[in-house]
Every structure is written in structure tokens, then in C-alpha cells.
Amino acid sequence: MSNTYSIPFNRSSLTGKELEHISQAMTIGQIAGDQTFSKQSQKLLEQLLGVKKALVTTSCTHALEMCGLLLNLKPEDEVIVPSFTFVSTANAFALRGTRIVFADIRPDTLNLDENRLEQLITSRTKAIVPVHYAGVGCEMDSIMKVAERHGIAVVEDNAHGLFGKYRGRWLGTFGCLATQSFHETKNITCGEGGALLINDAALVERAEIIREKGTDRSRFLRGQVDKYSWVDIGSSYVMSDVLAAFLYAQLEVFQKIQAERRRIWDYYDERLREWASEAGIGCPTVPAHCEQSYHMYYLIMRSLEERQEFISFLKTRGILSVFHYVPLHLSVMGRRFGSRDAKCPVTEEKSDRLVRLPFFNTLSAAQQDLVIKAIRDFIGTLSPSRAKTGVPT
Ligand SMILES: Cc1ncc(COP(=O)(O)O)c(C=O)c1O
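Just so it is clear, the model here is predicted, and its values are computed rather than measured. (Residues numbered from 1 in each chain as written. Predicted model: local features only at pLDDT ≥ 70, side-chain atom pairs only at ≥ 80, totals over all residues. Heavy atoms only, no water.)

## Quick look at the side chain of aspartate 113
Move 1: Looking at the element boundaries, aspartate 113 is found in the loop between β3 (99–103) and β4 (125–128).
Move 2: Relative accessible area serves as the criterion here: at 8%, aspartate 113 is assigned to the buried category.
Move 3: Residues contacting aspartate 113, with those up to four places away along its chain left out, are Asp104, Ile105 and Arg106. (Helix = DSSP H or I, 4+ residues; strand = E, 2+ residues; numbered from the N terminus. Buried < 20%, exposed > 50% of the residue type's maximum accessible area, 1.4 Å probe, protein only. Contact = heavy atoms within 4.5 Å.)

## Notes on a nonpolar patch on the surface
Move 1: Together, Phe220, Leu221 and Tyr228 give the surface a local cluster of nonpolar side chains, amounting to about 270 Å² of exposed area.
Move 2: In this fold, phenylalanine 220 is placed in helix α7 (residues 217–221).
Move 3: Here phenylalanine 220 falls in the partly exposed class, since its relative accessible area comes to 31%. (Patch = residues over 30% accessible without salt bridge, like charges linked within 9 Å, V, L, I, M, F, W, Y side chains within 5 Å. Areas by Shrake-Rupley, 256 points an atom, 1.4 Å probe, with all protein chains shown as cover. Salt bridge = Lys/Arg side-chain N within 4 Å of Asp/Glu carboxyl O.)

## Topic: the pairing of β3
Move 1: Most of β3 sits out of view: 4 of its 5 residues are buried.
Move 2: In this fold, strand β2 (residues 78–82) hands off to helix α4 (residues 87–94), which returns the chain to β3; that crossover is right-handed. (Right-handed = clockwise from strand over helix to strand, strands pointing away.)

## Here's the deal with a negative patch on the surface
Move 1: Taken together, Glu305, Glu309, Glu348 and Asp352 make up a surface patch of like negative charges.
Move 2: Listed by contribution, the elements that provide at least two residues to the negative patch are α10 (304–316) and α12 (345–353).
Move 3: Along the chain, aspartate 352 falls in helix α12.
Move 4: What makes aspartate 352 partly exposed here is its relative accessible area of 33%. (Lys, Arg positive; Asp, Glu negative; His and termini not counted. Charge placed at Lys NZ, Arg CZ, Asp CG, Glu CD.)

## Notes on the sheet that holds β4
Move 1: Taking strand neighbours across the sheet as the criterion, the 7 strands line up as β1-β9-β8-β5-β4-β2-β3 in an open arrangement whose pairing is mixed. Each edge of the open sheet carries a strand with a single partner, namely β1 (53–57) and β3. Averaged over all neighbouring strand pairs, the angle between strand axes comes to 25°, with direction disregarded.
Move 2: As judged from the 3 bridges shared by strand β5 (residues 153–157) and strand β8 (residues 177–181), these two strands associate in the parallel manner. Paired with valine 155 across the bridge in β8 is leucine 177.
Move 3: In the packing of helix α2 (residues 36–49) onto the sheet, contacts are made with β1 and β9 (194–198), and the angle to β1 comes to roughly 140°.
Move 4: In the packing of α4 onto the sheet, the strands contacted are β2, β3 and β5, and the crossing angle to β3 comes to about 155°. (Pairing = 2+ DSSP bridges. Axes fitted to C-alpha atoms, helices over the stretch in contact; angles between N-to-C directions.)

Keep in mind that these numbers describe shape and distance, not what the molecule does.
Structure (C-alpha cells):
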């Protein structure tokens, strides 16, 4: 898709020693999983974030599925998931037959609305899955208090939020479990990949087993048992070391990547926020107590029609912008696994109006200028009195 646009929405790039590491993995013959680069990636995540265990996986989707298995979710159980999220946040639990209870979001951060969380809890609720949208932390103080009061597990879907913080604490370190994505659109990537972060030490051993097809192969590889066999249910969630080699190269230079993304985010924000707000268009909200991960920059247009016109307008300039998240509670499967009368009005409204701007590590200031110019021109078409022209400074 990116080939037809002069400014794509996303473009992957080499930032560190990706090719060198891949070549090394191939040369030493470590291309299956759980070898040098997987171990190094996991160790780095554990040391940086201070989690008990990090396990690299084939995707964030699979890490979420592991959570469903680890929490022993059953069809009679319920899991609270925001409707405004990627399908995997819900599907991973629906795979266990579990009922999905859709929560609405806050109108500012677009994160699960903690003020309306408790009313969704029943005696069947087994987990709450906050999604740190755009890498801006959910209100974890309130969410953890509610979860603790009711004895419910918290699984953070931190697909967007690696290296973001909430009140000075890393995202992904609040729940008993958290999941990361290394899909190509993410800050740190290996094409397709993910990680399960485990904060509850009691879950580590079983997580290793579930990840290794339900076998105790990890214990065998550590020399703790002399053979391995089928001891639990599980699947094949192990990341190949070829991908882990790529991933490790990116993790090694995470500060450089984060600094680049911060520059890109700030560049958009400094040049768009005032213009947008004058036209009644919204920009991302990052509360003072949240250090965001600089995963994305989005605008909230005034209506669905305007959003669609905006995407088309940018397309005429060769710029690909995209909408985000069709509300899950309205989807075919959302209605099957959730309640037919789930009410998420904020989700519906924001989902109609949100548009994500091109955002990738190598997006240049010159490319951003073209995007900003196009946006200003579009805003100019909305109301002649507010029209401003000229190349942004
Ligand atoms: C919030 C959220 N959770 C989970 C996922 C799934 O990630 P993956 O593609 O690594 O399975 C995504 C994908 O973008 C996402 O946005």
C-alpha cells in the first residue's frame, strides 16, 4: 500500500545492527527460538523495565492468548476490555469462550474510563485489560484499586506503550501480566513479534510451558529435567531467533529510537495544535503524570464525513493517513461474545472522528512539513475566515 503514497503511513527502517545480528544468528545456526538473541532481548527487557520475566513471542496477539490460558479463563467467566482497541485484545479471550464485557473510554486520552469500570464488574469478572492507547498510560492507580478490591487480575495490553510511564512507573509493570507488540508499525519492531511481561512470579513457570506447546522444554533446556514432555495445554508462541536478532538490535538502541519519535511527535504538535484547536479539531491529550511512548500522532476531526474528506484530501497529496479502531462492541464477534446492548458512546464518537498521521522512525522534517501544509490547507477549506496558507515554519 505504501508504494502508491509519497509519504506512507508507516515505513520500517534499520536503526542499529539488525543485519549484523541476523547474519550472526544464521552463521552460528541459531534460527529456532529461545537462543542467544531471544535470551538477550528478554534480559534487556527485564533489566530495563524491572519485570520478573519477559518472554518474547510470535506476536502481541499470542502473548494475549497466553494470558487467557494462564488465567484459566472459562466460558462462564467475564473479561473487561475497552471497545476502542484492536481486535486481539478481545479475541484472545474469546478464544477461551470467555464473555467479553466492553468498557467505554475517556474522551481525553481515549483510554478505558476508570470512572465507569466498577459498574461493569460482576462475580464472574476474572480480568480487566486496560490498553494504553497511543502509549499514554491508563489511570492505573484507580484501575489497580478497583481490581484489588474485587480480586481481579489486570492484564495490560501495552502494544503501544513500551517505554511509556504512568506516575514515573513503566507501563507494563502494573498488571500481573502485560503484553508488548513488535509489529512493524510499533516503535521497536522485528516485523511480527511480541512479548509477554510477567510481574507475578507465580505465573512464570506455567507461562514458559504454555509458550512451548504445553511442554516443560524450557526446564529441560536449563538442565532441570532430563527429558521434556507434555505437561499442560499450550501452543507454539516462541519467537524465531532470526527475528529476535532484529529485535535485539532495535532494543539496543531504544533511546535513539525513542528520541527520534519524540522529535517527530513534538514537530507535529508544535505546528498543529493551535491551528487544529482554532478549527475545533482535537489533538492527543497527554496528562502531566504520563510520560508517553511517542507511538502515534492523531487528530480528532469534527465529524465522520470530515474525517473521510480529510483522508481523501491527504491522499490527493500522496499522503496516507488512517482511521483507528472500529468499535468492537458493534462488530459481529463483539456482539456474539459481548452484550448486544453494550453502551460505549464515547468509543463510537471518537472512532468516527479519529485519524492517524504518518509516523515512523525515519519520517523527515521535510516530509512532516508536507503533511502539515496539507492539513493546514484542508483546515483552510473548512472555513475561509480561518484559512491560513504558507509553508509551515
Ligand atoms: C492495542 C493492540 N493490542 C494488540 C495488538 C496486536 O499486536 P500484534 O500485531 O503484535 O499481534 C495491536 C496491534 O496493533 C494493538 O494495537
